[in-house]
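The chain contents come next:
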Amino acid sequence: MQAQPSNFKRFVEVGRVVLLKSGPQEGQIAVIVEIIDHNRAIIDGPTTGVPRQSFPYRHITLTPFVVSSLPRGAGTGVVRKFLEKEGTVEKWNKSAWAVKRAAIAKRRSTSDFERFAVMLAKKARRDQTRKTLKKASA
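Quick notes on the rules
Residues numbered from 1 in each chain as written. Predicted model: local features only at pLDDT ≥ 70, side-chain atom pairs only at ≥ 80, totals over all residues. Heavy atoms only, no water. Helix = DSSP H or I, 4+ residues; strand = E, 2+ residues; numbered from the N terminus. Rg over C-alpha atoms; globule rule 2.2 N^0.38 Å. Buried < 20%, exposed > 50% of the residue type's maximum accessible area, 1.4 Å probe, protein only. Areas by Shrake-Rupley, 256 points an atom, 1.4 Å probe, with all protein chains shown as cover. Lys, Arg positive; Asp, Glu negative; His and termini not counted. Charge placed at Lys NZ, Arg CZ, Asp CG, Glu CD. Patch = residues over 30% accessible without salt bridge, like charges linked within 9 Å, V, L, I, M, F, W, Y side chains within 5 Å. Salt bridge = Lys/Arg side-chain N within 4 Å of Asp/Glu carboxyl O. 1 Å grid on protein atoms, 1.4 Å probe; cavity = no way out; pocket = protein on both sides within 12 Å on 5 of 7 lines; lining within 4 Å. Points joined across faces, edges and corners; volume = space filled by probe spheres on them. Pairing = 2+ DSSP bridges. Axes fitted to C-alpha atoms, helices over the stretch in contact; angles between N-to-C directions. Contact = heavy atoms within 4.5 Å.

Student: Outline the overall build of the protein chain, supporting the account with residue identities and numerical values.
Tutor: Looking only at helices and strands, the protein chain features four helices and five strands. In terms of overall size, the protein chain is more extended than a compact globule, its C-alpha atoms giving a radius of gyration of 22 Å where 138 residues would be expected to give roughly 14 Å. The dimensions of the protein chain, computed from C-alpha atoms along their principal axes, are 70 × 45 × 30 Å. By the burial criterion, 29% of the 138 residues in the protein chain qualify as buried. Put simply, the protein chain shows about 9900 Å² of open surface, and 57% of that area lies on carbon and sulfur atoms. If the 27 positive side-chain charges of the protein chain are averaged to one point and the 11 negative ones to another, these points end up 10 Å apart.

This is the structure we're talking about:
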């Protein structure tokens, strides 16, 4: 009997880039350096400001990025070198996931007046589109 292929694509593994869901570094990325047990892993994010620490799996989200050939238990300097060599942080910043998170954060940080200005700009754009379409159809 053949084994069925797995539905899961992201696994907890050494070198997996993770997004932190809670704590003081919430929203930042780090790398799994060592797996402690089925509940926790040691993570490190030397280029993103995340200190090396034990972190529970329920407070991290696995990303599709993996730092390939990262040795188990690698020190902060080694992790930094691998991250910079592969450009992992830049890949993350360009990903649709990170861009969407940045847009949401920017939208949340706007003031009432900035939201009002955006509404006026949208109304002006909508009016211009409507006038252009009316002119083209006439």
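The discussion continues.
Student: Before we move on, could you go through a positive patch on the surface and cite the residues and values that matter?
Tutor: Taken together, the side chains of Arg107, Lys122, Lys123, Arg125 and Arg126 present a region of like positive charge at the surface. The greatest single-element share of the positive patch, amounting to four residues, is contributed by helix H4 (residues 112–137). Note on placement: Lys123 falls in helix H4.

Student: Before we move on, could you go through empty space enclosed by the protein and cite the residues and values that matter?
Tutor: According to the stated counting rule, one finds one cavity of 30 Å³ or more in the structure shown. By volume, the largest cavity is sized at about 40 Å³. Taken together, Val17, Ile29, Ala30, Val31, Gly45, Thr47, Thr48, Leu83 and Val89 make up the lining of the largest cavity. Element by element, the count of residues in the lining of the largest cavity is highest for strand E2 (residues 29–35), at three residues.

Student: How would you summarise the sheet that holds strand E4 (residues 50–56) if you had to cite specific residues and measurements?
Tutor: Within a sheet, adjacent strands bond to each other through the backbone by hydrogen bonds, running parallel or antiparallel. Strand order in this open sheet of five strands is E4-E3-E2-E1-E5, and the pairing throughout is antiparallel. For this open sheet the edge positions go to E4 and strand E5 (60–66), each flanked by a neighbour on one side alone. Within the sheet, the average angular offset between the axes of one strand and its neighbour, ignoring direction, is 40°. Strands in contact with helix H1 (residues 76–86) are E2, strand E3 (40–45), E4 and E5; relative to E2, the strand with the most contacts, it is inclined by about 130°.

Student: Kindly report on the environment of Thr129, identifying the contributing residues and their values.
Tutor: Among the structural elements, Thr129 can be located in helix H4. Note: C-alpha distance between Thr129 and His59 (70 residues apart in sequence) is 45 Å.

Student: Kindly report on the pairing of E4, identifying the contributing residues and their values.
Tutor: Note: E3 against E4, five bridges, orientation antiparallel. The residue bridging Ile42 from the neighbouring strand is Ser54, located in E4. Where E3 folds back onto E4 in an antiparallel hairpin, the turn is made up of four residues, including Gly49, whose phi is positive at roughly 85°.

Student: Give me the lowdown on the pattern of salt bridges, citing residues and values where you can.
Tutor: For the structure shown, the criterion picks out seven salt bridges. Salt-bridge contacts for Arg40 lead to Asp37; the nearest nitrogen and oxygen are separated by 3.5 Å. For Asp37, a relative accessible area of 29% translates into the label partly exposed. Ionic pairing is found between Arg130 and Asp127, a salt bridge with its closest N-O pair at 2.7 Å. Taken together, the positions of Arg130 and Asp127, both in helix H4 and three residues apart, correspond to about one turn of that helix. Through salt bridges with shared partners, a single network forms among Asp127, Arg130 and Lys131.

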